[in-house]
Amino acid sequence: MSLMTTSMLSVMLAGLLSSIAFRKVKRLQWVVLFAAAVFFSYVAVSLYGKWGLTDSLNLGLFTASFTNSYIGWLFFAFSSGVSLIISIFSLSFNDKKHITGVAPLWTVLLAANAGIFFAADWIAFLVAWELMGWTSFFIISHGKEKSFQAGIYYFALSLIGTAALLAAIFTIQGATGTFAIAASVKALLALWSTKPGLLYFIAILLTVTFFAKSAAGPFYMWPAKAHAEAPDDFSSFLSGIMIKYGVYGLILAVIPMFAEPGTAAAAGTAGYLGAAVHGTPLYLYILGWVAAFTAVWATILAIRENDMKRLMAYSTVSNIGFIILALSVNTAFGIAAAIFHTFNHMIFKGGIFLSLASVKFRTGEREMHKLGGMAYRMPIAFFAFLLGIIAAAGIPPMNGFASKWMVFQALFSHKLLFLMIPAFFASTASFMYLYRGLHSIYLGQLSPRFAKIKPAPPLQSIAMILLMVAMYVLGGWPGFVLQPVNSAIANAGFGSIQVSLGSIVGTTTSIHLTVVSFVFLFSVVGVFVLYILGKRRSHVEAMDTYTAGETPEDWGVTPEQYHYAYRFYEPWEKMTDPLVDTVSFERWFENIRHNFARMSRSIARWTAMKRPATMLAASAVVLILILGVLL
Amino acid sequence: MNQAILLLLFPAAAALITPAGSALSERFGRGLALLSYIAGIVYGVVLYPQIAASPASVIVGNWKPPYGINLFVSPLSLGLVLLIYCVAIVILVSDFASNRKRRAQFYLLYSLLTMASVGLVLTADLFNMFVFLEIAGISTFALVAVGREGSGPAGSLRYLVLAQLTTLLMLAGIGLVYSATGVLNIASLSRFAALNPAVAFLAGLLILLPFFLEMKQFPFNGWIGGAYRGASPAIGATMSGLVTVSVAMVLARLLLTMMNTGSAFGDATTKIRTVVLVLGAATVLIGETAAFREKEIKRVLGYSSAGQMGMIAIGIAIASQSAVRGILFLLVSHTIAKVLLFLVAGTSARLSGSDRWDEMRGIARRFPLLGMLFAVGAMTLMGIPLFSGFWGKLDLIRAAIASGGLAVVGVVAVLIATVVEGVYFMKIAHAFFEAPAAAKSAPPESTKQHYGVAFLAPALVLAAATVILGVLPGLIDPWLSSATAELLHPASGYAAHIVTGGLQ
Amino acid sequence: MIVLQTIGAAALAMAIGLLFMGIGRIVTARLQRRVGPPVWQCYIDVVKCFSRKSTSHHFVMDLGSIMGLAGLVAAAMFMPVAGWLPLQSTGPLLVILYLMPIGYLGMAMGVSASGNPLAAIGIGRALTMMVGYEVPFAILLLGLVATFGTSSLVALNQLQAGGLLAWNAVRMPFGFVAALIALQAMLAEKPFDAMIAPAEIASGPMVELGGKFLGLAFLQHSVAIFIETGLVVNMFLGGATSIWIFFVKQLVLYTIVMAFNGIYARYRVEQATRFLWIFAGSLAFVQLVINVLK
C-alpha cells in the first residue's frame, strides 16, 4: 500500500477516532484536523513526479484502485495546500466561544477529498463522492433549524447528482466493460461512430452530477443557502475546494469524451465525430451557454444580496460559470485557463471568506449593513479582503487577472464571440458586488459598538497573509502554477500552451505579467512621491464630514445610521426585479418539493383507508389475472 | 439428517411449554424463548460447516419427496435461519427494556411466529409453506393486536382480512397446481413438464399473492399504516425485520427456483416476473413517497420497508447473478438496519413520550448515541458507502442496467427512491440532532430518564454489524455465492439434492 | 532610460489631460455664452490643490487616492501614442481595460473610507453606470478582435493605415457611434454624470476630497481623459503617425464629448444604464453581427 491509500485510511480513522476520543476536549479535534492537513500536504509534495503510481485496496467484494494522475495530483496538491491554510485559521477560530463540533467530520471529508482525486476506478470514485456528500451535509446543517433547510437543499441536489452518477457508471460499464476511469473514457471515444446516442446520454448524466455538485446551470441556488449557514471557517473550504469537485469530474470524464480526432487524448480511437460550432463540439457549446448563463445570473443575484456570505457564495457560482465556460472550449488553452482559474479562485475566495470569518469572529455580525469601518480596527482582515476582491475582479496585479485573461483568450481562439458578451458582463458587474462588500463591511463609518474590537488573532492573520502573498506572487509570476498545469495537461493528452514564469502567449496577443505587476508597483511609487510633495494632511474624525456646515450628531444621527450600506444597489434591484421574479429555478424546485409532499400525504391517506385498500387489492388481482391470461 | 428438524422444534417446544411454565413463574416465558433461540443458534452454527460442504434434505415422516414433506438445509437457508434467530433474540432483549408487562401468551405467539418464519425458509413443499404462512399470519395479527388499545386491533384486523384473502387465493393456486401436476414439492415442480401457459400463469400468480402482501407490494400494502401504528416497536421490528427475511427468501425461492423455463411453469415465468418487476417498481415509488410526509416514526419505517422490499422484488424479477447477490445483500443489510431503527424509534418514543418524530426534536443532544445509531441505520438503508446497504444497492443497479428493457424502469424508480428516502431520513436525523430552540425545552434533570443495557447492547451489536459489513463486504462473499447458485441453478443443486434424497 | 521614458509618459498623459480639461471648460463656457477661464486654468488648479492643507479620515483614504491615480498611470503605460510606447509591449487592449478599474476601485476605496454616505452613494451609482457602458464597449472590442484577429493596439493601428477610408470609424460606423456614446459615459459627462454632479449628491465621490487628495483626483481625471480618448483614437480613428496629429484627434473627440455635455440634461442612473444597454449596446451588437457575417 502506497502513501496514497495509507494516508487516506489513516486520516479517515483519525477523524472517526477523534470524534470519540476527544469529545470532551473539542479543541484537540481541531488539532487533529490541522495534523491531517499537514499530512496531506506532505503526501502531495512527496507524490510529485511519481506519475502513474497505482495502488489498490481489496475490499472483498471488489478492489478499489487509486492512481497518482497528472491532473488529479494538481487538484490534490492545491486543495491540500489551501486546506492547510484554512486549518491554521480554524485552530484560532474555534475558541471556546465559537467552537463547533464539526472537526471530525471535516477530517473524514479531507480523506474523501483525497479519494476523489486519486480514484482510478468508478466505484472508488463513487464511494469517495458519497462519503464527501454526507460528511459535508452534516457539517453544513450543524444542528440548527435554519442550517438544516440549507443543508437538506444541498443534500437533495447532491443525491440527485449521485443518482445520475450511479446510472452513468453502470451504463458506462455496460457499454465498455470496465470500471477503470481512464480506460472506460478511452473506450467510449471509440463508440462515437456507432452509438452516439448512448454517449450523449452518458454525457448528460455525468453533466447533471457534476453541475449539481458545482452549482452550475439550474442548480445555482444551493451555495447561497449552504455557505450562509455553514460554520464560518467551513464556508471557505466549501467555496474554495468542495465546489470544484464538479469541475474535476468534468475534466476527468466529460471533456475527454469529446476529444477531437487527431489529438493526443483521442489517440488510438476515432475521436469525436459529431457536430461542432467553430471547432467546439456542439454539446460542449451548449454547456458553455449554460455556464455563461450561470455566470451572469449569479452576478445579478449577488448584486442584490444584503448578507455578505450569500453574496460571496453567488460570486463563487459566477466564477464556476467562468471555469466551465473555459472548459467548454475544449482546447488546451481553455482547459489550462479553467484549471488555473480554479486554483486562483481557491486562493482568493479562501482569503475573502477567511477575512469575513475573522470579522464575524470579532463582531458576531454577519449582515453587511450592520457592520462598517472594520478596516480601521482589523487591518489585516481588510487587506486580505481587498486583495481578494481585486483578484476576484480580475484586476492586475493579483492572480485573478491572468486566469480571466486566459479565459477570454480561449474564447477568442474558437471565435466564440457571442459567448464572450455574458462573460464580459459577469466580469464587469462583479466589481459592483465586490466593492459593496468592501465598503459596507470595512469602510464607511465604524459603529461605536465595535469601536473597541481587537484585530484578528495571530493564527488567523498568518493564514490570511499566506493567502495574500500567494495572490500577489501568482499574479506576477503565474508560471509557478501554470507551468505544472501545462505539463499536466500535456501529459494527459489535452495539448499544451506556451507559458513561461512570467508571461503567457495567447491567441490574439501575449502578455508579460511580471512587467504588468512591476509597472503597477512603479506607478504606485511614483504617485506616492507626488503625494508626498503635496502639503501635509491632518487627521479628522470619521463623523466629521461635509454636511453643509452642520454636524450629524446634532440631528441625532449615529454612525450606524450614517453608514450607507443597506440596499446599496437599490436602482439595480428595481431594474432587475421583474427579471428575477420570472426566472426562478428555486421556485421550480420548491414546487416540485411541494407537490411531492402533497402526493405523499394523499398516498399515505389512501393506504390508510379500509375499504378502498381491500377493494383495490382484489380488483388488482383480477385485473392482473385477466391481462396475464389474455396477453 | 433428521436432527436438523431441531431447528424447527426449538421454538415450537418453547411455544408449547410456555403456558404451562408461566403458571409457575412470570418470567418463565421470556427466559424459555430466549433459551430456545440461543439453542437454535448454537445448533445452527455447529451444523453450518457440515451443511456448507453438502446441503442436506431432511425428510419428515419417512415419506420421500415428492410426495412427502421435506426441509432443505443449505447454506442459504441455514444462514437465513441463523439470521432470524439472531434478530429474534435482539428484538426480545430490547423488548425487555420497554418495561411492558408481557404475558405468557406474548412469548407463545412470538415463538410460534419464529417457528413459522424458520419453517418458511426451510421448507421445500408448497402446502407446508401455506401452513407456515398461515401460522405466521395469525401470530402476527395477534401480536399486532396486543399493541395499544384501539389502534392495535384496528390495524391488525385490516391486515388479517387482506392476509386471509390472499392466502385463500394461494390455496386455490396450490390446488390448481396439485390437480395439474400431482406433486407439491418445489424441487419436483422446478423440473416438471410444462403446463398450459394460462394455467401456469394463473396458478403461479395466485401462489405468489400472499407473499406480495407480506412484502408490502403495491397494491396490497393498505395495511401498513394501521398495523405499524398499532404495533409496539418490538412487533414493528419483527414485521419489518424478522418476517421479511423469510418472506423475501420464499419469494426468491418461488420465483427463481420453482418458476423457471425448465419448470412446470414454463413460459409463464417471464410474464410472472414482469408482473413482479412492475409491482416492485410501483411499490418502491409509492412506499418512499408515502414515507416522505409521514410524521409517526414507526409508520415511516414501515413505508420505508415497503420501498426496500420493492427493490428486492425488482432484483428477484431481474433474476441475474448480480441481481440475486444484490438482493441477498440488501436483505441482510435491511434486516440489520431496520431492526436497529425500530429499536432506536422505540426508545426515542419512550424517552420523549410521543410517537411522532417532530416531537422528538433534540433528543440526540441529550442522548448522542441514540442519534448516531439512528444515523447509522438510516445511512445503511440509503445505501451510503461505509455502511452495508451500499454494496447491495450497487449490485442491484448494475444488474438492472445490464439487463436493460423493463428493468430500466426499475432503476429509475430505485434512483428516485434513493433521493426521496435520503431527504426524509435526513430530516428525521436532523430533528433528532437539532439544538433546542430555547431554554424552555431543556429537560428537567429530576426525571432521570435513560435507556438501559437491554436497548444498548443489541443496538450496538447491530450497528457494528452493519459497519463491518459495509467496510468488509467480502466477509459474507462465500455465503452469497453459494446462495445465489442454489437459487438460480436448481438443476445442479437444489433439485438434485432433494429428489434424490433418500430415506433416513 | 526606461525609467525616464515611463516618467515622461506619465507626465505627458497628465499634462495633455489637464490641457484638454482646460479646453473643455472653454467649450462649455462658450456654449453657455460665457468667456470661460484661461486654457491653462487646470494646471493652476492642480498646483493650488497640492499647496493647500487637507484632511483625511483614515490612512485607507490616502492609500485609495494613491492607488486610484497609480492604476490609471499604469494603464497609460500600455497605451500606444502614435505608435510609441514607453515600454516594450504590444499595447494589449485587455490589460488596459483591466488596469483602468484599479483606478476607480482605488478611488472608490479611498472615498469610502472618508465615511461620507454621499461618497458611497456616488460610488454605487458610478459602478452601476460602469456596467452600463462596459457592456457595449466590450462588444465593440469583440467586433474589432473578430475582424482583425488581434487585440494589440499597435497592430490595430497598423491595420488602419492608409488614409481616412481605412479608419474603423468609416468601416464600422455603428461601432463608432456606440463608442462615442460609451466614451461619454466613461468620461462621466452629461447626460451620464449622475454620480459626480455637484447638484446631485454634492459631487458624490469627491465630496470629502480636499487639498492634495483633490489634486490627485484631478490628475486621475486628466489621465482618464487621455487614456479613454486615446483608446478610441487607436481603435477607430486609425491612431496616428505623428504625436501632434494624435493629440488633435483626441482633442476632436473630447470637444465632441464636451459639446454634448454642455447641451444635455442628466439621466438618472437606471435610465442611463438602460439607455447605454439598449442604444449603445444594440449598435455595438449590430456591428458585431455585421463583422461576423463579413
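Residues numbered from 1 in each chain as written. Chains lettered and ligands numbered in written order. Predicted model: local features only at pLDDT ≥ 70, side-chain atom pairs only at ≥ 80, totals over all residues. Heavy atoms only, no water.

## Considering the overall build of chain B
Part 1 of the reasoning: When you go through chain B residue by residue, the secondary structure sums to 20 helices and 2 strands.
Part 2 of the reasoning: Taking 2.2 N^0.38 as the reference for a compact globule, 504 residues should give roughly 23 Å; the C-alpha atoms of chain B span a radius of gyration of 22 Å, in line with that estimate.
Part 3 of the reasoning: Seen through its C-alpha atoms, chain B measures out along the principal axes to roughly 75 × 60 × 40 Å.
Part 4 of the reasoning: Split into buried and exposed, the 504 residues of chain B put 66% on the buried side.
Part 5 of the reasoning: Sequence-distant contacts, at least 24 apart, represent 80% of the contacts inside chain B between residues at least 6 apart.
Part 6 of the reasoning: Put simply, chain B shows about 15,900 Å² of open surface, and 68% of that area lies on carbon and sulfur atoms.
Part 7 of the reasoning: Across chain B, the mean location of the 31 positive side-chain charges is 2 Å away from that of the 19 negative side-chain charges. (Helix = DSSP H or I, 4+ residues; strand = E, 2+ residues; numbered from the N terminus. Rg over C-alpha atoms; globule rule 2.2 N^0.38 Å. Buried < 20%, exposed > 50% of the residue type's maximum accessible area, 1.4 Å probe, protein only. Contact = heavy atoms within 4.5 Å. Areas by Shrake-Rupley, 256 points an atom, 1.4 Å probe, with all protein chains shown as cover. Lys, Arg positive; Asp, Glu negative; His and termini not counted. Charge placed at Lys NZ, Arg CZ, Asp CG, Glu CD.)

## Observations concerning the interface of chain C and chain A
Part 1 of the reasoning: Every contact between the two is made by 79 residues of chain C and, on the other side, 69 residues of chain A.
Part 2 of the reasoning: The tally of links from chain C across to chain A stands at 1 salt bridge.
Part 3 of the reasoning: At the boundary of chain C and chain A, one finds 16 residue pairs in polar contact (both at pLDDT 80 or more).
Part 4 of the reasoning: Of all the secondary-structure elements, those providing two or more residues to the side of chain C that touches chain A are helix H1 (2-31), strand E1 (54-56), helix H3 (59-77), helix H4 (93-112), helix H5 (117-148), helix H10 (211-236) and helix H12 (269-293) of chain C.
Part 5 of the reasoning: A total of 17 residues in the side of chain C that touches chain A trace back to one element, the largest contributor, which is H5(C).
Part 6 of the reasoning: In this sheet, E1(C) lies alongside strand E7 (residues 537-539) of chain A in parallel orientation, the contact comprising 3 bridges. Paired with A:Arg537 across the strands is C:Ser54, a residue of E1(C). (Salt bridge = Lys/Arg side-chain N within 4 Å of Asp/Glu carboxyl O. Polar contact = N/O pair within 3.5 Å; in protein donor to acceptor, adjacent residues only side chain to side chain. Pairing = 2+ DSSP bridges.)

## As for the side chain of C:Asp45
Part 1 of the reasoning: With respect to the helices and strands, the residue C:Asp45 is situated in helix H2 (residues 41-50).
Part 2 of the reasoning: Sequence-distant contacts of C:Asp45, that is, excluding residues within four places in its chain, are made with C:Arg25 and C:Phe218.

## Some points on the state of the cysteines
Residues and elements named next belong to chain C.
Part 1 of the reasoning: Summed over the entire model, instances satisfying the criterion amount to 0 disulfides over all chains.
Part 2 of the reasoning: No disulfide involves cysteine 42; its sulfur sits 10 Å from that of cysteine 49, the nearest cysteine.
Part 3 of the reasoning: Relative accessible area serves as the criterion here: at 10%, cysteine 49 is assigned to the buried category. (Disulfide = S-S within 2.5 Å.)

## Let's talk about the environment of B:Val275
Part 1 of the reasoning: Within the secondary structure layout, B:Val275 lies in helix H11 (residues 268-292).
Part 2 of the reasoning: When its relative accessible area of 16% is taken as the criterion, B:Val275 is described as buried.
Part 3 of the reasoning: Between the C-alpha atoms of B:Val275 and B:Ile314, which are 39 residues apart in sequence, the distance is 9.9 Å.
Part 4 of the reasoning: In this structure, B:Val275 is in contact with A:Ile624, B:Phe201 and B:Leu205, ignoring residues within four places of it in sequence.

## Overview of the packing of helix H15 (residues 368-382) of chain B against helix H17 (residues 407-433) of chain B
Residue and element names in this part refer to chain B.
Part 1 of the reasoning: With their axes 10 Å apart at the nearest point, H15 and H17 run at an angle of 180° to one another. If you check the angle between H15 and H17, you find them roughly antiparallel. In this structure, H15 contributes Gly371, Met372, Phe374, Ala378, Met379, Leu381 and Met382 to the contact, and H17 contributes Thr418, Glu421, Gly422, Phe425, Met426, Ile428, Ala429, Phe432 and Phe433.
Part 2 of the reasoning: When its residues are assigned to classes, the contact of H15 with H17 shows 12 nonpolar, 3 polar and 1 charged. (Axes fitted to C-alpha atoms, helices over the stretch in contact; angles between N-to-C directions. Parallel < 35°, antiparallel > 145°, perpendicular 65-115°, else oblique. Nonpolar A, V, L, I, M, F, W, Y, C, P; charged D, E, K, R; others polar.)

## Some points on a positive patch on the surface
Part 1 of the reasoning: Together, A:Lys535, A:Arg536, C:Lys48, C:Arg52 and C:Lys53 make up a positively charged patch on the protein surface.
Part 2 of the reasoning: With respect to the element layout, C:Lys53 can be found in the loop between H2 and E1.
Part 3 of the reasoning: Residue C:Lys53 is classed as exposed on the basis of its relative accessible area, which comes to 66%. (Patch = residues over 30% accessible without salt bridge, like charges linked within 9 Å, V, L, I, M, F, W, Y side chains within 5 Å.)

## What about the interface of chain A and chain B?
Part 1 of the reasoning: Contacts between chain A and chain B engage 52 residues on the former and 61 residues on the latter.
Part 2 of the reasoning: Roughly 4,800 Å² of surface becomes buried between chain A and chain B when both sides are summed, with 80% attributable to carbon and sulfur atoms.
Part 3 of the reasoning: Inspection of the chain A/chain B interface yields 2 residue pairs in polar contact (both at pLDDT 80 or more).
Part 4 of the reasoning: For the side of chain A that touches chain B, the elements supplying multiple residues, two or more each, are helix H5 (122-140), helix H6 (145-176), helix H24 (585-608) and helix H25 (610-630) of chain A.
Part 5 of the reasoning: For the side of chain A that touches chain B, the per-class residue count stands at 38 nonpolar, 9 polar and 5 charged. (Buried area = accessible area lost by both parts, 1.4 Å probe.)

## Considerations on the pattern of salt bridges
Part 1 of the reasoning: Scanning the model with the defined rule gives 18 salt bridges over all chains in all.
Part 2 of the reasoning: As a salt-bridge pair, B:Asp477 and B:Arg325 come within 2.5 Å of each other at their nearest N and O atoms. On the criterion of sequence distance, the pair formed by B:Asp477 in helix H19 (residues 477-488) and B:Arg325 in helix H13 (residues 321-352) is long-range, its members being 152 residues apart.
Part 3 of the reasoning: Via salt bridges that share partners, A:Asp232, A:Lys309 and A:Lys360 belong to a single interconnected network.

## Here's the deal with unusual backbone geometry
Part 1 of the reasoning: Here the residue pair A:Pro396 and A:Pro397 is connected by a cis peptide bond, since its omega of 0° sits within 30 degrees of zero.
Part 2 of the reasoning: When you line up the elements, A:Pro397 lands in the loop between helix H16 (379-392) and helix H17 (399-413).
Part 3 of the reasoning: Of the consecutive residues C:Lys190 and C:Pro191, the connecting peptide bond is found in the cis state with omega at 0°.
Part 4 of the reasoning: Mapped onto the secondary structure, C:Pro191 falls in the loop between helix H8 (173-186) and helix H9 (198-201).
Part 5 of the reasoning: The phi dihedral of B:Ala319 falls on the positive side, at around 60°, and the residue is not glycine.
Part 6 of the reasoning: As for its position among the elements, B:Ala319 is in the loop between helix H12 (297-318) and H13.
Part 7 of the reasoning: Classification of B:Ala319 by relative accessible area gives buried; the value is 18%.

## Some remarks on a nonpolar patch on the surface
Residues and elements named next belong to chain C.
Part 1 of the reasoning: The grouping of Leu31, Val248, Val252, Ile256, Phe260, Ile263 and Tyr264 at the surface amounts to a nonpolar patch, some 640 Å² of accessible area in total.
Part 2 of the reasoning: Looking at which element gives the most residues to the nonpolar patch, the answer is helix H11 (residues 243-263), with 5 residues.
Part 3 of the reasoning: Looking at where valine 252 falls in the secondary structure, it is placed in helix H11.
Part 4 of the reasoning: Given the relative accessible area of 45%, valine 252 is considered partly exposed.

## Side note on the nonpolar core
Nonpolar side chains in soluble globular proteins generally cluster together in the buried interior.
Part 1 of the reasoning: Ranked by internal contacts, the top residues of the largest apolar core, which has 558 residues, are A:Trp106 and A:Tyr442.
Part 2 of the reasoning: Ignoring sequence-local partners within four residues, the contact set of A:Tyr442 consists of A:Ser355, A:Leu356, A:Val359, A:Gly373, A:Met374, A:Ala375, A:Tyr376, A:Ala381, A:Phe382, A:Phe385 and A:Gly437. (Core = buried A, V, L, I, M, F, W, Y, C linked by side-chain atoms within 4.5 Å.)

## Thoughts on H17(B)
Part 1 of the reasoning: With 27 residues, H17(B) ought to run about 39 Å at 1.5 Å a step, and its terminal C-alpha atoms sit 38 Å apart, in line with that.
Part 2 of the reasoning: The element H17(B) is extensively covered by neighbouring structure, given that 22 of its 27 residues are classed as buried. (Expected span 1.5 Å × (residues − 1).)

## Focus on the packing of aromatic side chains
Residues and elements named next belong to chain A.
Part 1 of the reasoning: Counted by the stated rule, this structure contains 72 aromatic pairs over all chains.
Part 2 of the reasoning: A centroid spacing of 5.4 Å and a plane angle of 75° characterise the contact between tryptophan 192 and tyrosine 200, whose relative ring orientation is edge-to-face.
Part 3 of the reasoning: Tryptophan 192 sits in the buried class, given a relative accessible area of 5%.
Part 4 of the reasoning: On the basis of relative accessibility, which here comes to 27%, the residue tyrosine 200 falls in the partly exposed class.
Part 5 of the reasoning: Look at tyrosine 220 and tryptophan 297: their rings are 6.4 Å apart centre to centre, the planes differ by 80°, and that puts the pair in the edge-to-face class. Of this pair, tyrosine 220 sits in the loop between helix H8 (196-214) and helix H9 (222-229) while tryptophan 297 sits in helix H12 (residues 282-303); the two residues are 77 residues apart in sequence, bridging distant segments of the chain.
Part 6 of the reasoning: Overall, tyrosine 220 belongs to the buried group, its relative accessible area being 3%. (Phe/Tyr/Trp six-rings, centres within 6.5 Å; stacked < 30°, edge-to-face > 60°.)

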